[in-house]
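One-letter residues, chain by chain:
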Amino acid sequence: MIRCPVCRARNKGESVCRRCLSDLTDILTVEAQADFAMTRAFQNLQDGNIAQAKKQCAHACRMKRTEFGEIFSAFLDDCVLP
Ligand SMILES: [Zn+2]
């Protein structure tokens, strides 16, 4: 869920803000790309590629900052590179 950057109304994925009618397509696209990058980070970790997991996690966090992303990033920082 995002908030409209114009009026701060909550948005559950609609491409147009229900309150101020701002176009939120670009924001939703970036959010989806961030989610995809975080999923790739999980896959990289599962495959044992910690360096790539860190890279994908950092990429995701640049696009969408979340508490989970920060915790996952700190976890990856504590992982030992092979
Ligand atoms: Zn709005």
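For the structure itself, look to the data block above.
Residues numbered from 1 in each chain as written. Predicted model: local features only at pLDDT ≥ 70, side-chain atom pairs only at ≥ 80, totals over all residues.

A.B. asks: How would you explain the overall build of the protein chain if you had to name every residue and give the values?
C.D. replies: When its secondary structure is counted, the protein chain shows three helices and two strands. For 82 residues, the compact-globule formula gives about 12 Å, and the C-alpha radius of gyration of the protein chain, at 15 Å, lies well above that figure. Projecting the C-alpha coordinates of the protein chain onto the three principal axes gives extents of approximately 50 × 15 × 15 Å. A burial count over the protein chain gives 15% of its 82 residues as buried. By sequence separation, contacts in the protein chain at least 24 residues apart represent 19% of the contacts at least 6 residues apart. (Helix = DSSP H or I, 4+ residues; strand = E, 2+ residues; numbered from the N terminus. Rg over C-alpha atoms; globule rule 2.2 N^0.38 Å. Buried ≥ 20, exposed ≤ 12 C-beta atoms within 10 Å, placed from the backbone. Contact = placed C-beta atoms within 7 Å.)

A.B. asks: Explain the nonpolar core residue by residue, including any values.
C.D. replies: Of all hydrophobic cores here, the largest spans eight residues; its members are A37, M38, A41, A53, C57, A60, F72 and L76. When contributions to this core are tallied by element, the ones reaching two or more residues are α1 (25–46), α2 (50–63) and α3 (67–78). Each residue touching A60, except ones within four places of it in the same chain, is listed here: A34, A37, M38, A41 and G69. (Core = buried A, V, L, I, M, F, W, Y, C linked by C-beta atoms within 7 Å.)

A.B. asks: Give me the environment of V80: which residues, what numbers.
C.D. replies: Its place among the elements puts V80 in the segment after α3. It is 8.0 Å that separates the C-alpha atoms of V80 and I50, two residues lying 30 residues apart in sequence.

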